[in-house]
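# Chains, contacts and geometry: an overview
Each chain, letter by letter, is given below.
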Amino acid sequence: MLNIVLVEPEIPANTGNIARTCAATGSVLHLVKPLGFDISDKAVRRAGLDYWHLVDVRVYENLDDLFARNDVQVMRLFSTKAPRSYAEAAYPDGCFLFFGKETKGLPEEFLAAHFDDCVRIPIRAAARSLNLSNSVAVGVFEALRQQNFPHLQGQGGMVNW
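Not measured: the values here are computed from a predicted model. (Residues numbered from 1 in each chain as written. Predicted model: local features only at pLDDT ≥ 70, side-chain atom pairs only at ≥ 80, totals over all residues. Heavy atoms only, no water.)

## Comments concerning the environment of leucine 66
Threshold: Note on conventions: DSSP H or I runs of at least 4 residues are helices, E runs of at least 2 residues are strands, and numbering of each starts at the N terminus. We call two residues in contact when some of their heavy atoms are within 4.5 Å.
Mapping leucine 66 onto the fold places it in helix H3 (residues 63–69). Among all residues touching leucine 66, those that are not within four sequence positions of it are Val5, His30, Val32, Tyr60, Val72 and Phe98.

Set out below in structure tokens:
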């Protein structure tokens, strides 16, 4: 199982796309407040997120709350400022993948405190960054690839067309 952590996400469409990735992969979605949108049952129905029931969504008041309620053994912090590529890191079962808000990324002090856990997705310097939901998908599928796609269709091999 993977744990996807969004720290103060701002854009509902990104979180909806990420929730769909979590639904498709069986990953847990952890949301750290403040959230830039409403995730009440009414709001989710109105947004047409028909897969929301497939997502294990957990909400926290802040990062301290998340760490108090979870046994985080291994984590990867995705940041454009990270020293190494995401492909150089190991993603064991139960790993927590952290992603920051769209406008600022993860808090600087959090990154500094966990520098050895930071990874980046290599892109052209002029492009600044990828969209948050795309970044999560890249991280999730690298972790699942390393784990040989446990519990997923087509695990460990190519799909025949």
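## Overview of the sheet that holds strand S6 (residues 118–119)
In a beta sheet, neighbouring strands are held together by backbone hydrogen bonds and run either parallel or antiparallel to one another. Just so we agree on the cut-off: Pairing between strands is defined by DSSP: at least two bridges between them are needed. Comment: axis = line fitted to C-alpha atoms, over the contacting stretch for helices; angle = value between 0 and 180 degrees taken between N-to-C directions.
Reading across from one edge, S3-S2-S1-S5-S4-S6 is the order of the 6 strands in this open sheet, with parallel pairing throughout. The sheet terminates laterally at strand S3 (56–60) and S6, the two strands that pair on one side only. In this sheet, strand S2 (residues 28–32) lies alongside strand S1 (residues 3–7) in parallel orientation, the contact comprising 5 bridges. For valine 7, the partnering residue across the bridge sits in S2 and is valine 32. On the sheet, helix H1 (residues 12–25) packs against S1 and S2 and is oriented at approximately 150° with respect to S2. Where helix H5 (residues 132–146) meets the sheet, its contacts fall on S1, strand S4 (75–78) and strand S5 (96–99), and the angle it forms with S5 comes to roughly 160°.

## Some remarks on H1
Our working definition: The length a helix should cover is 1.5 Å for every residue beyond the first. The rule is simple: take the accessible area with a 1.4 Å probe, protein chains only, and divide by the maximum for that residue type; under 20% is buried, over 50% is exposed, in between is partly exposed.
For H1, spanning 14 residues, the distance from its first C-alpha to its last is 20 Å, which sits close to the expected 20 Å at 1.5 Å a residue. Three or more residues of H1 are buried, namely Asn14, Thr15, Gly16, Ile18, Ala19, Thr21, Cys22, Ala23 and Thr25. Against the buried residues of H1 lie S1, S2 and H5. Of the residues trailing H1, glycine 26 is marked for its positive phi of about 75°.

## Section: the nonpolar core
Which entries qualify depends on this criterion: Take the buried Ala, Val, Leu, Ile, Met, Phe, Trp, Tyr and Cys residues and link them wherever side-chain atoms come within 4.5 Å; each set so joined is a nonpolar core.
In this structure, Ile4, Leu29 and Tyr91 are the most contacted members of the largest nonpolar core, which totals 27 residues. Secondary-structure elements contributing two or more residues to this core are S1, H1, S2, S5 and H5. It is H5 that provides the largest number of residues to this core, a total of 5 residues. Counting residues in hydrophobic clusters, the runner-up holds 16 residues, among them Val5, Leu66, Phe96 and Phe110.

## Points about the pattern of salt bridges
The line we're drawing: Each reported salt bridge corresponds to a side-chain nitrogen of Lys or Arg within 4 Å of a carboxyl oxygen of Asp or Glu.
Counted by the stated rule, this structure contains 7 salt bridges. Ionic pairing is found between arginine 58 and aspartate 56, a salt bridge with its closest N-O pair at 2.7 Å. For arginine 69, the salt bridge goes to aspartate 65, with nearest N and O atoms at 3.1 Å. You can see arginine 69 and its partner aspartate 65 sitting in helix H3, 4 residues apart, about one turn around the helix.

## With respect to unusual backbone geometry
Cis geometry is adopted by the peptide bond preceding proline 34, which originates at lysine 33 and carries an omega value of 0°. The residue proline 34 is located in the loop between S2 and helix H2 (41–46) in this model. Phi at glutamate 8 takes a positive value of approximately 55°, unusual for a residue other than glycine. Positionally, glutamate 8 belongs in the loop between S1 and H1. Among the residues examined, glutamate 8 registers a relative accessible area of 25% and is labelled partly exposed.

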